[in-house]
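# Analysis of the macromolecular model
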Amino acid sequence: MINYDKLKNSLKRLEEQHENYLRIGEKEGFSTLDKEAIKESVIQRFETSYDTLWKHLKKHLEEVVGIPEVPNGPKPIFRMANENNLLDDIEKWFVYAQARIDTSHDYSEEKSKIVLEKISDYLKDSILLFETISNEKWQ
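Figured I'd write up the structure that's included with this text. (Residues numbered from 1 in each chain as written. Predicted model: local features only at pLDDT ≥ 70, side-chain atom pairs only at ≥ 80, totals over all residues. Heavy atoms only, no water.)

## Section: the overall build of the chain
Tallying secondary structure elements over the chain gives five helices and zero strands in all. The order of α-helices and β-strands along the chain, N terminus first, is α-α-α-α-α. The C-alpha radius of gyration computed for the chain amounts to 16 Å, which stays within 12% of the reference 14 Å derived for 139 residues, consistent with globular compactness. Projected onto the principal axes, the alpha-carbon positions of the chain cover approximately 55 × 30 × 20 Å. Per-residue burial over the chain gives 43% buried out of 139 residues. Per element, the accessible surface of the chain, about 7900 Å² overall, is 47% carbon and sulfur. Side-chain charges in the chain split into 21 positive and 27 negative, and the spacing between the mean points of these groups amounts to 2 Å. (Helix = DSSP H or I, 4+ residues; strand = E, 2+ residues; numbered from the N terminus. Rg over C-alpha atoms; globule rule 2.2 N^0.38 Å. Buried < 20%, exposed > 50% of the residue type's maximum accessible area, 1.4 Å probe, protein only. Areas by Shrake-Rupley, 256 points an atom, 1.4 Å probe, with all protein chains shown as cover. Lys, Arg positive; Asp, Glu negative; His and termini not counted. Charge placed at Lys NZ, Arg CZ, Asp CG, Glu CD.)

Dropping the structure here:
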C-alpha cells in the first residue's frame, strides 16, 4: 500500500505558500527582500511537489496499475499515466515538466514569472491527480 502523506504535505505547503504569495500585495511592511523570498519559496515548493508527485505516480503505476517496468523520469511516467487514463491533458504535464526543468537551471526574473503564472493550474491539476491515485478527497 502506498503512503501518499509526503505528496499531500508537499502539495499543501505549496498551496499555503502560493496563497501567501497571491496576498503579498495586501500586506504592509514587506521589504523587497521579503517578497523575493516568498516568490523563491513558492518556486522551491513547486519543485519539491513536482518531484514528489511523479515519484508517487511511478509507485502507483507499478503497485496499483500493475505495470512491471515503469521507466524512471517524469515525462515517460506522465505518458504512461495518460495511457492509463489517470490524466485529462498530457500536454499540461509537459508544460509543468518544462517549468520544473527551467527552475533547476535558471532563477532569472523572467523564468520565475513564467513558473509563478503556472502554479495555480499546476496545483489544481496536481490535487486532482492526488485524489485520483490516492482515493482521498482534498481538504
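Past the structure itself, the notes keep going.
## A few points about the packing of helix H2 (residues 32–65) against helix H5 (residues 109–134)
Running from N to C, H2 and H5 cross one another at 35°; their axes reach a closest spacing of 9 Å. Judged by the sense of rotation from one axis to the other, the crossing of H2 with H5 is left-handed. Residues Glu 36, Lys 39, Val 42, Ile 43, Phe 46, Ser 49, Tyr 50, Leu 53, Leu 57 and His 60 of H2 form the contact with H5, whose participating residues are Glu 109, Ser 112, Val 115, Leu 116, Ile 119, Tyr 122, Ser 126, Leu 129 and Ile 133. Residue classes in the contact of H2 with H5 are distributed as 12 nonpolar, four polar and three charged. (Axes fitted to C-alpha atoms, helices over the stretch in contact; angles between N-to-C directions. Left-handed = near helix turned anticlockwise from the far one by under 90°. Contact = heavy atoms within 4.5 Å. Nonpolar A, V, L, I, M, F, W, Y, C, P; charged D, E, K, R; others polar.)

## Quick word on the pattern of salt bridges
The tally for this structure, following the rule as stated, stands at nine salt bridges. Put simply, Glu 47 and Arg 100 hold a salt bridge, and the shortest N to O gap is 3.8 Å. Of this pair, Glu 47 sits in helix H2 while Arg 100 is found in helix H4 (residues 90–105), placing the two residues 53 residues apart along the sequence. Each member of the pair Glu 47 and Arg 100 is classed as buried. The partner of Asp 125 in a salt bridge is Lys 124, with the nearest N and O atoms 3.9 Å apart. The exposure class of Asp 125 is buried, given its relative accessible area of 5%. Judged by its relative accessible area of 51%, Lys 124 falls in the exposed class. Residues joined by salt bridges that share partners form a network here, namely Asp 88, Lys 92, Lys 124 and Asp 125. (Salt bridge = Lys/Arg side-chain N within 4 Å of Asp/Glu carboxyl O.)

## What to know about H5
The end-to-end C-alpha distance of H5, which contains 26 residues, comes to 35 Å, matching closely the 38 Å that a straight helix rising 1.5 Å per residue would cover. At Ile 119, H5 shows its largest bend, some 40°. Asn 135, located one to two residues past H5, shows a positive phi value of around 60°. (Expected span 1.5 Å × (residues − 1). Bend = angle between axes of the 7 residues up to and from the residue.)

## Concerning the environment of Ile 77
Structurally, Ile 77 can be placed in helix H3 (residues 74–83). Taking C-alpha positions, Ile 77 is 19 Å from Asn 135, a pair spaced 58 residues apart along the chain. With residues up to four places along the chain from it excluded, the contact list for Ile 77 reads Trp 54, Leu 57, Lys 58, Leu 61, Val 70 and Pro 71.

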